[in-house]
Amino acid sequence: MDLCRTHAETLDAEDPLAAFRARFAGAGEDGLLYLDGNSLGRMPRETPAALARVVEDEWARGLVGSWASWIGAATRLGDRLAAGVLGAGPGEVLVGDSTSVNLYKLLVAGVDARPGRDVLVCCADDFPTDRYIVAGVAAARGMTVREVPADIDEGLDADVLAAALDERVAVVVLSAVAYRSGALADIAALTRAARDVGALVLWDLSHAAGAVPVDLAAAGADLAVGCTYKYLGGGPGAPAFLYVRRELQERLRQPIWGWFGQRDQFAMGPEYDPVPGVERFGVGTPPVLAMAAVEVGAGLVAEAGIGRLAAKGRALGQLTVALADAWLAPHGVALASPRDPARRGSHVTLAHPQAWQLTQALVDRGVVPDFRTPDRVRLGPAPLYTRFVDVWDAMDRFRAVLAEGAHERYPTERARVT
Ligand SMILES: *Cc1c(COP(=O)(O)O)cnc(C)c1O
């Protein structure tokens, strides 16, 4: 690959998504080379006005009467995510609660749909909340957890997972894109493998939604959850989504019996009697303000198109890897993601023994990656607003830090948030 900055400029000139950058606050103005769009996406410029509309028109003026429209927001937004981002059908996606809570609800629902089975399977290197929730459900239900080992750089091996599957397994929890390395899992193939033993797979799409095509319907996926504040740009703490394949919905019951899942909700009936559709996986009053921000962020992703986003994400990753090989490897930095771009999501991770000090030095020089244990610098150049020259400039500063040893002056003690 041509490693000149002019090549990066050419890639930007040819980028069909280049115009989206101007639609995000700060991009091109704050001077930041922001490579943490996989952790907290940049704010779309339209978001404050969208929030102001809800606050001033719907809340301040419309008051309680606005519930006539708010009541349908979780499914309306779910349908948009389904069509524009997740490859699912209408009535299969609901927005609300956090990813952790949605994971809990669908996991318990899946366990109850597989009576007599006493094993849960998860990946030993999955995001902590996923593993903790699996462990918590197993403890409450007297089940056993099989934590399948995975290479922290290469991701889960399909054969290793297959060896952990048998007729005792109720539900398998997996991430489509590994949070640390960006390793991509084959949703269709792993769902089939689990189905062959009668188990359900609950997919966590947190690092995949808005970055790679997930095509839940085509993949035959049964259950999924994911964040909206990463690539989907919904803002800090934005409500998550959940997906349940339509044919399964009526057979599943989630454990938190709230009134937002209730049939004829305002009849205030004596007993819990959930609606047949995806709203049965809702619990309580949804965060209306926060959903307005998700609508804007997810709308931009849908407008750009997952195919184009994934292609650009892959190209940004390839440039990152090529520059890391040429400039950083001589300083002891190693690729900690799959080398084959077809096996990665949109982020790339690099390993170095002083990764935390490097992360701090980079942040002070206007490059924003994040640190992940044990010794990783994670780079998430979100394709909606990151240019190829941003990657080039970030890697240029990275090599300067290493060459000068500037990171040596930073504390080794970690901050509360890394
Ligand atoms: C970011 C992320 C989460 C976050 O869950 P919250 O409930 O929103 O805190 C969960 N799982 C994975 C795989 C993630 O990447």
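Residues numbered from 1 in each chain as written. Predicted model: local features only at pLDDT ≥ 70, side-chain atom pairs only at ≥ 80, totals over all residues. Heavy atoms only, no water.

Kindly report on the site of the ligand, identifying the contributing residues and their values.
The ligand sits among 13 residues. The nearest are Ser100, Asp130, Asp204, Tyr229 and Lys230. One of the side-chain N or O atoms of tyrosine 229 is found 2.6 Å from an oxygen atom in the ligand. At a separation of 2.6 Å, an oxygen atom of the ligand approaches a polar side-chain atom of lysine 230. Coverage of the ligand by the protein chains reaches 85% of its 390 Å² of free accessible surface. Those elements that place two or more of their residues in the shell around the ligand are helix H5 (99–112) and helix H6 (128–141). (Near = heavy atom within 4 Å. Polar contact = N/O pair within 3.5 Å; in protein donor to acceptor, adjacent residues only side chain to side chain. Areas by Shrake-Rupley, 256 points an atom, 1.4 Å probe, with all protein chains shown as cover. Helix = DSSP H or I, 4+ residues; strand = E, 2+ residues; numbered from the N terminus.)

So what's going on with the packing of aromatic side chains? Which residues, and what values?
Per the stated rule, a full pass over the model turns up nine aromatic pairs. Judged by centre distance (5.2 Å) and plane angle (90°), the ring pair of phenylalanine 127 and tyrosine 179 falls under edge-to-face. Of this pair, phenylalanine 127 sits in the loop between strand S3 (119–123) and H6 while tyrosine 179 sits in the loop between strand S5 (169–175) and helix H8 (187–196), and the two are 52 residues apart along the sequence. With a centroid separation of 5.3 Å and an interplanar angle of 65°, the aromatic rings of tryptophan 259 and phenylalanine 266 are classed as edge-to-face. On the basis of relative accessible area, tryptophan 259 is assigned to the partly exposed category, the value being 37%. Three or more aromatic residues joined by ring pairs make a cluster, and in this case those are Trp67, Trp70, Trp259, Phe260 and Phe266. (Phe/Tyr/Trp six-rings, centres within 6.5 Å; stacked < 30°, edge-to-face > 60°. Buried < 20%, exposed > 50% of the residue type's maximum accessible area, 1.4 Å probe, protein only.)

Account for the UniProt feature "modified residue: N6-(pyridoxal phosphate)lysine" (unreviewed entry) in the protein chain, naming residues and giving values.
In this structure's numbering, the residues bearing the UniProt feature "modified residue: N6-(pyridoxal phosphate)lysine" (unreviewed entry) are Lys230. For lysine 230, the position within the fold is in the loop between strand S7 (223–226) and strand S8 (241–244). Lysine 230 has contacts with Gly37, Asn38, Ser39, Gly41, Ser206 and His207, leaving out every residue within four places of it along the chain. (UniProt positions renumbered as here; feature names shortened; annotations may be inferred. Contact = heavy atoms within 4.5 Å.)

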